[in-house]
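Chain by chain, the residues:
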Amino acid sequence: MLVADDTMKRYDIINALISKYDYKSYLEIGVQKRVNFENVKNVATKIGVDPEPKEPVDFEMTSDEFFRINRNQFDIVFVDGLHHQDQVYKDIVNSLAILNENGTIVCHDCDPIEEVHQIVPRECGTWNGDVWKAWVRLRSERDDLEMNVIDTDYGCGVIRRGQQIPISIKRSELNWRNLQVHKEEWLSLITVDEFLRQVS
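This section reports on the structure supplied with the text. (Residues numbered from 1 in each chain as written. Predicted model: local features only at pLDDT ≥ 70, side-chain atom pairs only at ≥ 80, totals over all residues. Heavy atoms only, no water.)

**Quick look at helix H6 (residues 176-187)**
Piece 1. For H6, built from twelve residues, the straight-helix expectation of 16 Å at 1.5 Å per residue is missed by more than 12%, its first-to-last C-alpha distance being only 13 Å.
Piece 2. Regarding H6, the residues found buried are Trp176, Asn178, Leu179, Lys183, Trp186 and Leu187. Angular distribution of buried residues about the axis of H6 spans 155 degrees; they occupy a single face of the element. For H6, the exposed residues lying more than 90 degrees away from the buried face are Arg177 and Val181.
Piece 3. The inward-facing, buried residues of H6 abut helix H5 (131-141), strand E5 (145-150) and strand E7 (189-190).
Piece 4. Where H6 begins, the side chain of asparagine 175 points an oxygen toward the backbone nitrogen of arginine 177, at a separation of 3.2 Å.
Piece 5. Residue serine 188 follows H6 closely and has a positive phi angle near 55 degrees. (Helix = DSSP H or I, 4+ residues; strand = E, 2+ residues; numbered from the N terminus. Expected span 1.5 Å × (residues − 1). Buried < 20%, exposed > 50% of the residue type's maximum accessible area, 1.4 Å probe, protein only. Arc of directions from axis to C-beta. Contact = heavy atoms within 4.5 Å. Polar contact = N/O pair within 3.5 Å; in protein donor to acceptor, adjacent residues only side chain to side chain.)

Here it is in structure tokens:
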């Protein structure tokens with residue numbers, strides 16, 4: 001079983017994808033203190049969305065509101081907004097609709113380390129929410145995507161258009177115990193080294 005590995009941060013993954021595919025436009029859902037946003041480099045356009053930012057953002061509104069008014073397409077989208085499975089699911093589906101051909105979505109918090117970290121509502125300092133449930137739902141529904149979670153920084157999911165064999169699962173089976181048993185399959189977990197080989 002793979003272990004959590006913090007050798008690569010979310011912005012490192014995003015920057016590696018920008019470099020690999022020569023991306024020009026970036027959208028970040030959930031900016032907060034702009035730490036990730038400021039570390040994303042070498043794109044001509046960067047847009048940030050957050051309804052309650054700690055620092056200034058381009059669009060101070062919910063992601064649902066943004067997607068309703070947005071008319072732009074993006075090469076790469078980072079989903080790190082409200083960590084509730086239904087909202088994450090919507091954010092990913094809405095991001096797919098505005099993703100350029102050959103674009104990528106990166107989704108944070110897909111692999112919580114401890115059970116308490118994924119409980120909704122939040123009960124502790126470190127909180128990933130139940131993002132993983134949205135991820136697994138998409139893994140079970142979509143055969144037109146390539147989805148992998150990189151085993152670093154609480155699980156960074158990478159979504160691209162492609163092909164996958166949907167996993168067979170009922171929503172009632174989405175619990176912590178089953179995640180521990182089926183994690184590698186459900187998340188399509190890969191190591192940092194495997195990701196780096198993909199983008200080299």
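**Structural notes on unusual backbone geometry**
Piece 1. With omega at 5 degrees, the peptide bond leading from valine 120 into proline 121 counts as cis.
Piece 2. Turning to its location among the elements, proline 121 is positioned in the loop between strand E4 (99-107) and H5.
Piece 3. Residue asparagine 42 is not a glycine yet carries a positive backbone phi of 65 degrees.
Piece 4. By the element assignment, asparagine 42 lies in the loop between helix H2 (35-39) and strand E2 (45-49).
Piece 5. In the Ramachandran plot, aspartate 153 falls in the positive-phi region, its phi being about 50 degrees despite a non-glycine side chain.
Piece 6. Here aspartate 153 lies in the loop between E5 and strand E6 (156-161).
Piece 7. With a relative accessible area of 2%, aspartate 153 lands in the buried category.

**Details of the nonpolar core**
One recurring pattern in soluble globular proteins is that nonpolar side chains are buried together.
Piece 1. If you look at the biggest cluster of nonpolar residues, it comprises 37 residues, and the most contacted ones within it are Leu27 and Ile92.
Piece 2. Considering every element that reaches this core, the biggest residue donor is H5, with six residues.
Piece 3. Apart from residues lying up to four places away in sequence, isoleucine 92 is in contact with Val79, Ile105, Cys107, Leu138 and Ile159.
Piece 4. With 23 residues, the next largest nonpolar core counts Ala16, Leu17, Val31 and Phe195 among its residues. (Core = buried A, V, L, I, M, F, W, Y, C linked by side-chain atoms within 4.5 Å.)

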